[in-house]
Amino acid sequence: MLWHRLRKNRLAMIGAAILLVLYTLSCFGGFIAPYSSNETNKYTVKYGPMLLGGYSIDKVGEVIDEDENYNEIILSTYERNWNWFEGGVHFHNSANEFTFRPHVHPLREYQSWDEYGESEYLMAVDRTISLPIQFFVEREESHELFSLCGFFPIQGKTHLMGLDTEQLPSDRADLHPGLFLLGTDILGRDLWTRILYGGQVSLSVGLIGIMISISIGLVIGGIAGYFGGQVDFWLMRLVELLLAIPGLYLILTLRYAIPDKLSPRQTYMMIVAILAIVGWASTGRMIRGMVLSLRESEYALAAKALGGSSARVILRHLLPNTASIVIVTATLYVPYYILGEVALSFLGFGITEPDSSWGLLLKDCNVSEVLKYNPWLITPGFFIFLAVLAYNFLGDGLRDAADPRAYLGLSKKAES
Amino acid sequence: MSPISCHTSRMLQWNLQATFIWRRRTRFSGLLGFGWLLGFCVWASLSATSELNAQSGDSLQSAQNNANLDSHSDDDPPIRRKRIRRNTKLPEPTPDPSIPIGTPSPAFLGEAPDDAIVVNRTGTYGGRFVYAILGEVETFNPVEPKGATDQEIRALVFSSLVQYNNGDWHTSPDLAKSWEVSEDHLTWTFFLREGILWSDGTPLTVDDVEFSFHAVFHDQIATSIRDGFKHPQTGDLPQVSVDNDRNAVIFTLSRIDSQFLTHLGAVSIIPKHLWKDHLQEQDPTILQQMTSNSPPEMLVGSGPFVLKEYIPAEKIVYQRNPRYWKKDSRGQRLPYIDEIVILLVKDLNLQWQKFEAGELDIFMDLPADHFREATAMEKAGTADLVRLGVSLNTNWVCFNMHPGKNPETDEPFVDEEKSYWFHQLDFRKAINHAIDRDGIKRTAFQGRATAIWSSVTPGNRSWFHRGVTTYPYSVETAQRYLDELGWKDTDGDGVREDDQGRPIRFTLNTNVENNLRQQIGNMISQDLKKVGIDVNFKPQIFNDLVTSLRDSHKWDMILLGWGSGVPPDPANGKNITLSSGRLHAWHPQQAKPATKWEARIDQLMAMMDEELDDSVRKGYFDEVQELMGQNIPMLYLIAANSYCTIKKGRLGNLWPSLLRPQLTWNLESLWIRQ
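Residues numbered from 1 in each chain as written. Chains lettered and ligands numbered in written order. Predicted model: local features only at pLDDT ≥ 70, side-chain atom pairs only at ≥ 80, totals over all residues. Heavy atoms only, no water.

Draft legend 1. The sheet that holds strand β3 (residues 128–133) of chain B, seen in detail. All names here are of chain B. Judged by pairing direction, the sheet is mixed, and its 4 strands sit side by side in the order β3-β13-β11-β10 without closing on themselves. Bordering the open sheet on either side are β3 and β10 (305–311), each of which pairs with just one other strand. The average undirected angle you get between the axes of adjacent strands in this sheet is 20°. Against the sheet, helix α3 (residues 147–157) touches β3, β10, β11 (315–320) and β13 (339–344), its axis set at about 20° to β11. (Pairing = 2+ DSSP bridges. Helix = DSSP H or I, 4+ residues; strand = E, 2+ residues; numbered from the N terminus. Axes fitted to C-alpha atoms, helices over the stretch in contact; angles between N-to-C directions. Contact = heavy atoms within 4.5 Å.)

Draft legend 2. Examining the sheet that holds strand β8 (residues 239–243) of chain B more closely. All names here are of chain B. The sheet built from 4 strands is open, its strands ordered β6-β7-β9-β8 with antiparallel pairing. If you trace the sheet from one side to the other, it starts and ends with β6 (176–181) and β8, each paired once. Geometrically, the sheet is characterised by an average inter-axis angle of 20° between neighbouring strands, direction not taken into account. The pairing of β8 with strand β9 (residues 248–252) spans 5 bridges and is antiparallel. Of the residues in β9, the one forming a bridge with aspartate 243 is alanine 248.

Draft legend 3. Spatial organisation of the interface of chain A and chain B. Of the residues lining the interface, 74 residues belong to chain A; the matching set on chain B comes to 70 residues. Both sides of the chain A and chain B interface together cover about 7,000 Å² of buried area, and 51% of this is carbon and sulfur. Connecting chain A to chain B are 7 salt bridges. The partner of aspartate 438 of chain B in a salt bridge is lysine 42 of chain A, and the shortest N-O contact between them spans 2.9 Å. (Buried area = accessible area lost by both parts, 1.4 Å probe. Salt bridge = Lys/Arg side-chain N within 4 Å of Asp/Glu carboxyl O.)

Draft legend 4. Structural context of the domain arrangement of chain A. Residues and elements named next belong to chain A. When the domains of chain A are assigned, the result is domain 1 (2–28 + 196–415) and domain 2 (50–179). Centre-to-centre separation of domain 1 and domain 2, based on C-alpha positions: 43 Å. Contacts between the two partners involve 13 residues from domain 1, matched on the other side by 10 residues from domain 2. A combined buried area of about 880 Å² lies between domain 1 and domain 2, and 62% of that area is made up of carbon and sulfur atoms. The largest share of the area that domain 1 buries against domain 2 comes from Cys27, Gln200 and Arg265, three residues that together contribute 48% of it. Inspection of the region where domain 1 meets domain 2 yields 0 salt bridges. Our enumeration of links across domain 1 and domain 2 arrives at 3 residue pairs in polar contact (both at pLDDT 80 or more). Residue composition of the side of domain 1 that touches domain 2, by class: 9 nonpolar, 3 polar and 1 charged. (Domains from an automatic or database assignment. Polar contact = N/O pair within 3.5 Å; in protein donor to acceptor, adjacent residues only side chain to side chain. Nonpolar A, V, L, I, M, F, W, Y, C, P; charged D, E, K, R; others polar.)

Draft legend 5. Examining the environment of asparagine 321 of chain A more closely. Relative to the helices and strands, asparagine 321 of chain A is located in the loop between α9 (310–318) and α10 (323–346). Excluding residues within four positions of it along the chain, asparagine 321 of chain A makes contact with Met290, Leu294 and Tyr299 of chain A.

Draft legend 6. Here's a closer look at unusual backbone geometry. In this chain, serine 105 of chain B is followed by proline 106 of chain B through a cis amide linkage whose omega measures 5°. Secondary-structure assignment places proline 106 of chain B in the loop between β1 (81–83) and β2 (118–119). With an omega dihedral of -15°, the bond running from arginine 660 of chain B to proline 661 of chain B counts as a cis peptide bond. Examined against the element boundaries, proline 661 of chain B turns out to sit in the loop between β22 (651–652) and β23 (671–672). At lysine 46 of chain A, a residue that is not glycine, the phi angle is positive and equals roughly 50°. Counting through the fold element by element, lysine 46 of chain A comes out in the loop between α3 (29–32) and β1 (53–66).

Draft legend 7. Representation of the pattern of salt bridges within the structure. By the definition in use, this model includes 50 salt bridges over all chains. With a shortest N-O distance of 3.3 Å, lysine 177 of chain B and aspartate 115 of chain B are connected by a salt bridge. Placement of lysine 177 of chain B in strand β6 and of aspartate 115 of chain B in the loop between β1 and β2 is noted, with a sequence separation of 62 residues between them. When its relative accessible area of 35% is taken as the criterion, lysine 177 of chain B is described as partly exposed. The partner of aspartate 569 of chain B in a salt bridge is arginine 617 of chain B, and the shortest N-O contact between them spans 3.1 Å. With aspartate 569 of chain B in the loop between β20 (557–562) and α16 (574–577) and arginine 617 of chain B in helix α18 (residues 614–631), the pair connects residues that are 48 residues apart, well separated along the chain. On the basis of relative accessibility, which here comes to 11%, the residue aspartate 569 of chain B falls in the buried class. Linked by salt bridges that have partners in common, Lys42 and Glu109 of chain A together with Asp436, Asp438 and Arg442 of chain B make up one network. (Buried < 20%, exposed > 50% of the residue type's maximum accessible area, 1.4 Å probe, protein only.)

Here you go:
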């Protein structure tokens, strides 16, 4: 029933579709990504997204310097310009013939000298050579092909895409091939690869976190609601205590308590646990309210009258009836976990280098220069936005679908 | 048709579609394998056609153009050619008598003393100078300045007997007009200038000087300034006495100290008439005075400025000291600037944005990730960029070679196998060869840095030594060293095992707050992976890092940096070089030098202390650097280039220096162009 009503909600279905795509991408992340998660490359620092274009180079001047024997040498000053939809992914080969196979140009290094004797390295495309993108390529080192958001990895050596570098002239040391669909970061790592691996963390943090916090919330809320009285009173005061503490600061404090010797994955699990421990309070309170009203219902009273133990009544009769609300709230709360992880990593308390997560990737953008000159580094923010929005659409849809009044055609308007 | 059969037929359709796709995929290998990228393919092909159109006509010509980039042909319009100007030494500003004098506000009180220092500058009075510093003021008390911020601020309000000139790297007279040194270099007599007044109008006398030294030398006041005066073995301090007839202060030393003038410059002279009751024999309360809580008018000094207002976490405002005693070449009294505002901004990015918005007049220590914005401002004519060359600050990695045990748990500080690896010289050589400094330079520093092999960077023109052993990047050499040690990858997992079969795996720490270090650390761990060493790179919170460095000694490999002291003399780094030093990172606070070469370094440093001739001292320190280079206890990596930016044409008499504070060390003679 719920499903049929949900399917009629177009926004919710769009949200679900986006989430399906995002989760598929991150599950197959290792396979889809052309590189491994931390493959630095000193020659391809901060290169723009090849999907959107490429850099071209212009010589703008020359400077005269002296070598160690006081002979004059002439050095060049270059200027680099971004060209939209030119010099990026294209469909012709080195001989300029059209093919269906996408190609990219290799990057060529230019050392540009200024009049103060300082130089910088500029990477721009070499238009004379086109390297074909190949599919299902084997690479030497093995990596995970598939994993459930970082867990239960299946290892393999195949990548979905890769660059065929055989056509690269072997005598050209200044050419550096690379397939950087969304550009590279400051260490020359492929951003698309980092986003895929980062998604494994950022997208699973919500699911695992909500599972932990809902479990705690169900247990505490169920007990408080069912027993009432003193139990209810003290558990609800505990909940209020947790709600009154500013969440981010509690998280920061708890983060200090994590021992330092843990592996990155264990640290990650601890972060999820911290988020969940802080986050269960409101869910618990809501479930308690539900249970409080349900325990007076006929079937609950009947179960009690027939001699069912408290645990049995709570687990078999009361909690299953809260399921629809729990699913809805769970969906609506996932974005908070995603954003919580983003905030923690951005502040340096969450996932740290060399691991990847969307929040950590976004950390590179806290310098104004990046926003001006390397705007593609904000792409992870777009993915965060997409995931959060999709979860909200889906949650809203689920809430409408689970609302009996909407189902019966009784809106609030009609009621009043 | 029943619902079930409908379902099966739909499945059949799906199957058909799947096979169809599969066949097509085999036919046009690739294109449909894209699947999820199909959407973009459409417009990519659109753009590709436009590219093709553009290229089809003149593909040959574009190839030629590419070639032309390298060999410039005669037909093209002439390319402007400039000669490289390298700033080896920044020139001292010269006076210009045509500059208007202007009127100071607040005005000066009284007359400058006859004994005043005459600074060879000219300038116009007036204006308000705004800049920002990182962090917060802990105290205004000059007896115990905490941190670099407090020291910079101290120099505005207080003066010393001598002053270090950052511009020409030389100590010059300040409150003392001259000094005499006895034959045995143990008695120093400093003659005080006559007629100098404190900012409240009281005369500054030799008693004030004596009082200030008594405060610093007091047993119960722990200050880092006093440590410099201590005899390294006996801990004796110099004797201070006063000669009222000659208006002189006399210091009697227990040994020859080449750095005596430097230590002297660190002692600010404080007014006795205000603080004499707070220097008790027992439990002196002078450190509780002149803190950031006390009212500004209590901060009486003899420096160019006086404190006007302090708002915690927001700003410090200084105004001209109306009784300051220096004059310029036209006989006008200094300082030129009416008011100085120091904003306390905690975040470097925010500080930069304030500079870009024109709220700040200068921005010192420009980080690499703002360089492009700074050059853009330079080109747009809104800011001047000062290129100071290679900075004196170093970045290094170091292995924990502490052989000790934790007294509480009786566990060794460093695991036995790690200690065994780290003590192998060939292992450290291999690591040094395996680190690609060029890679670090290109990524983290965006090309604006220089590889270094010793604690002295090429920027330090007095102490840089070319003879230090270098370990150029070479994976092959690194692998050869490790192979010769017998540490090979026996089980094929890409990680080498040592001669006892233990995989070479350890942790690299750095502080998580520093983005630059995180990037360097990441590059290093990648480099070491290439030679079969598994490094677990873990950035840590700075406080945790300091705890493990100082107390628990529970770390394997660490990435940190040294900032440079002023003056840039290696004697300032004794904490690092001496085996008993607290910052002797690889094995701190040794009771007795653990190795022969460390003993030799201790000996050389002691010889340096007692030698007065700088060229001989340089010879000693060259040997120290060579010993450090041969034994590589610390792997020095890279030094960034140093830049400062100034609002276009804003300041006159600027004399930028590599030494901190690069632009504001001579604030008394800077003037504001309106």
